Amino acid sequence: MSKPTAARSRRALLRATIIPAGVAASLVLVPLPGAVAAPSADAVISEVYGGGGNSGATLKNDFIELANKGGAAFGLTGWSVQYISASPGPTSTWSVTPLTGSIAPGGRFLVAESAGTGGTVELPAPDATGTLALSGTAGTVALVQGTTALTCKTAADCAADPKVRDLVGFGTAVVREGSGPAAGASNTASVARAADLADTDDNAADLKAGDPTPTNSKGDTTGGPTTPPNPTEPGSVRIHDIQGNTRISPKAGQTIQGIPGVVTGVRTYGSKGFWIQDTNPDADPATSEGVFVYTGNATPTVKAGDAVLVTAKVSEYYPNQAGGSQSVTELTNPLVTVVSSGNPVPAPVVLNDDSIPEAYTADAAGGTIEANTLKPGSYALDLFESLEGMNVQVKNVRVVQATDQYHELWVEARRQDEKSKRGGAIYLGYDRPNSGRLMVQALAPEAEKPFPLANVGDRLQGVTSGPLDYNQFGGYTLVASTLGALQDNGLQREVTKEAAAGELSIATYNVENLDPSDPDSKFGELAKGVVTNLRSPDIVTLEEIQDNNGATNDGTVDAGATVAKFIAAIKAAGGPAYEWRSINPENNKDGGEPGGNIRQVFLFNPQRVSFTDIAGGGATTAVDVTGKESTTALTASPGRIDPGNEAWNTSRKPLVGQFSFKGKKVFVIANHFNSKGGDQGIDSRFQAPTRSSEVQRVKQAGIEQAFVAKLLAADPQAKVVSLGDFNDYQFSPALTALTKDCVLRDLVNELPEKQRYSYVYQGNSQVLDHILVSPGLTHAKYDVVHINSEFANQASDHDPQVVRVKP
């Protein structure tokens, strides 16, 4: 599965610079060409400043200023400004501020971004406001038609993206226009165009460093008054008044004086800030008594137990507004006075079977639930929202998603939720989301306090407690100041049964963007999975095999080196000398990581099964069916099913091959349907969430179902196995469409419910990979082999599957 790639939340800004283990050794820094898109004749980025609120800064906020060189108003509704770090790594993503309104001819448009804790001067009244935390010295800003996060990470790729109207790289930015990035940005200096707004698509030549000069659409160049003194007396408004009894603060946009509270947690990395909680709660269970105080780039100077007064602006921060995330009520641009220290932190609210409702959320027929009065006794999402920012705890909880590279895991705080055979939380329907799932992340950086390396089924014994946050990657998240002790459940990687005499074994394995630059250890672990855990199947269909230079976007599409390296690793692990077949895709036409050209590949053991080569297959050539009954055959093998159909746009086309086993024909279809990218999450502010990607998968399933039906019309006893990463659930409309008229049966439905999963996402063990067989294969022994998805150390994020059939 390709996970959604919406803009990172501020909480996760550190992720933009993390390089996964094994990748750093393969990176070679070389000069990169600048972007060469045509200069803009109207809207341009006229000034960029990332030092707001930093040490030595006068202005309190970062900003991006736009200008219009054209003779007509330039509409910005549906556009965005976006930001990415100076040297994007594999996990880096663009952050987005959506825009509305327009830029008058010859006018300016000011976008206020993140504030630090320093500075004394407000910006002029901004025309738009976002939360992008720009670096003061280096990064890239883009003006984009659309609000979906860009995916380009090189100058050339961004220049080729027609959505990018203008782009400014500054400092040491890799992504920039022309000969080099604009130089000289700092905490006290912006980079800006000259008065004539010249745009030659060369950032180094077009933008120069100087004093920041933010200008809004009214022509204002000065902001509000200098910062008032820190508060000395409590005001009349309390945290529960700010939070209110819905998801949106009734005080949003207002600056509130002297908000009292006790600090319950301090975050010094990523989205920096601290949580405060009122020690005198009201009687309404729907109103939270806690709130996050966002300090921008500045490290907070308070500590847990400090009693403070805060004067700040109330803001609603959406970690992924375009993707449907809920908001976090925050206090921004804070002025803080520490009244006393060493105070007891408010006792945590206990989250368990008794407090968490079974029902997850109210249904608004796809509309927003933001204005609904919270019902914490009825819905889990309402309960968590009513505790947003407050100190909470779980005790003796089961881990339902393993520790990831960002030092996060998921626990199940409600024991009545569905349990998988091996300790996870099994996802069995849209109406059965397991309401007690919570992400746990550490309050302290990993260097200060190591995070437990846990697998599914392990336990955090004792108390795990801390403020309750919300982020786009996990919804409601317990930011733990206290972590329970890890109890190892001894989870073992499964090994499937050996094939019996006369059985043909066929497996599927998503190898997660495999290319030759991946470390040998990844090839070795994947090979071990094939040889040891799958017992060297006769046929293996692979998904996410990348081309020979991986994500390098230079037109390469051949994957011979990738496959050869994997076959060699399998042989070194004691496996057979597999042969292989595939079809190279058209460059960048099949989705996935740009430049990677992922595709499906058949591996087969020639000592056990033969491949029937039939010429004529190609990237754009549709395979068909010929003959009747015993003469039924493919017109091309390998071939692609209807590759020109719009249903396969930016998605992998099914690869079909004709095999022979003990003189009998077997037709195998390797699949990788389009990803779930763009879907609203199950914790969305829109309920029920929209699964927009589902539409394309239903079309894809219908096309493949019709192809299989055609095979069965030619030979009702045709032996067909369709398998791979379908990126959807066994109860989804796509799988319903694929199994229409019983041309195929989905074998996962024949497993006990507690064993139906191949992937773990947001704490739910779920099915994305499937093996389906035609009616002629009455003998089909099916196994999902759990070797990855439940483990902190994994060769892929998917578990492989295998079926043993008797043709």
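Residues numbered from 1 in each chain as written. Predicted model: local features only at pLDDT ≥ 70, side-chain atom pairs only at ≥ 80, totals over all residues. Heavy atoms only, no water.

### Here's the deal with the pattern of salt bridges
Thinking step 1. All told, the structure shown has 33 salt bridges when counted by the stated rule.
Thinking step 2. Here D42 makes a salt bridge to R165, at a shortest N to O gap of 2.8 Å. Of this pair, D42 sits in the segment before β1 (43-49) while R165 sits in strand β10 (residues 164-170); the two residues are 123 residues apart in sequence, bridging distant segments of the chain.
Thinking step 3. Note that E122 and K60 form a salt bridge whose closest N and O atoms lie 3.0 Å from each other. Within this pair, whereas E122 is found in the loop between β7 (108-115) and β8 (128-129), its partner K60 is found in the loop between β1 and β2 (61-68), the two being separated by 62 residues in sequence.
Thinking step 4. Assessed through its relative accessible area of 28%, E122 is described here as partly exposed.
Thinking step 5. Here K60 falls in the buried class, since its relative accessible area comes to 9%.
Thinking step 6. Connected through shared salt-bridge partners, D166, R193, D199 and D206 make up one network. (Salt bridge = Lys/Arg side-chain N within 4 Å of Asp/Glu carboxyl O. Helix = DSSP H or I, 4+ residues; strand = E, 2+ residues; numbered from the N terminus. Buried < 20%, exposed > 50% of the residue type's maximum accessible area, 1.4 Å probe, protein only.)

### Regarding the sheet that holds strand β9 (residues 139-145)
Thinking step 1. Taking strand neighbours across the sheet as the criterion, the four strands line up as β5-β4-β9-β10 in an open arrangement whose pairing is antiparallel. The outermost strands of the open sheet, each flanked by one partner alone, are β5 (95-98) and β10. Ignoring which end each strand starts from, the neighbouring axes of this sheet average 15° apart.
Thinking step 2. Judged from the six bridges that link them, β9 and β10 form a sheet pairing that is antiparallel. By the bridge assignment, L143 is partnered in β10 with D166. (Pairing = 2+ DSSP bridges. Axes fitted to C-alpha atoms, helices over the stretch in contact; angles between N-to-C directions.)

### Points about helix α5 (residues 520-533)
Thinking step 1. Compared with an ideal rise of 1.5 Å per residue, which puts 14 residues at 20 Å, α5 spans 19 Å between its outermost C-alpha atoms and is within 8% of the ideal.
Thinking step 2. Within α5, burial applies to K522, F523, L526, A527, G529, V530, V531 and N533.
Thinking step 3. Packed against the buried residues of α5 are β27 (504-514), β28 (539-545) and α6 (560-572).
Thinking step 4. Two residues or fewer after α5 comes R535, characterised by a positive phi angle close to 60°. (Expected span 1.5 Å × (residues − 1). Contact = heavy atoms within 4.5 Å.)

### With respect to the packing of α5 against α6
How two helices pack is summed up by the angle between their axes together with the distance between the axes.
Thinking step 1. As a packed pair, α5 and α6 sit with axes 8 Å apart at the nearest point and diverge in direction by 60°. For the element pair α5 / α6, the angle class is oblique. Regarding α5 and α6, the two cross each other, and that crossing is right-handed. Residues D520, F523, L526, A527, V530 and V531 of α5 touch α6, and the partners they reach there are T562, K565, F566, A569 and I570.
Thinking step 2. Class assignment for the residues of the contact of α5 with α6 results in eight nonpolar, one polar and two charged. (Parallel < 35°, antiparallel > 145°, perpendicular 65-115°, else oblique. Left-handed = near helix turned anticlockwise from the far one by under 90°. Nonpolar A, V, L, I, M, F, W, Y, C, P; charged D, E, K, R; others polar.)

### What to know about the packing of aromatic side chains
Thinking step 1. Considering all chains together, one arrives at 18 aromatic pairs under this definition.
Thinking step 2. Seen from their ring centres, Y470 and Y476 are 5.0 Å apart, and the 65° between their planes marks the pair as edge-to-face. The pair formed by Y470 and Y476 is uniform in burial state, with each residue classed as buried.
Thinking step 3. When the centroid spacing of 5.5 Å and the interplanar angle of 90° are considered together, the rings of F602 and F659 count as edge-to-face. Placement of F602 in strand β30 (residues 599-604) and of F659 in strand β35 (residues 655-661) is noted, with a sequence separation of 57 residues between them.
Thinking step 4. The buried category is assigned to F602, whose relative accessible area is 0%.
Thinking step 5. Judged by relative accessible area, which is 0%, F659 ranks as buried.
Thinking step 6. In this structure, K676 is placed above the aromatic ring of Y729, and the distance from its NZ or CZ to the ring centre is 4.2 Å.
Thinking step 7. Sitting over the ring of Y430, R691 keeps its end group 3.7 Å from the ring centre. (Phe/Tyr/Trp six-rings, centres within 6.5 Å; stacked < 30°, edge-to-face > 60°. Lys NZ or Arg CZ within 6 Å of the ring centre and 35° of its normal.)

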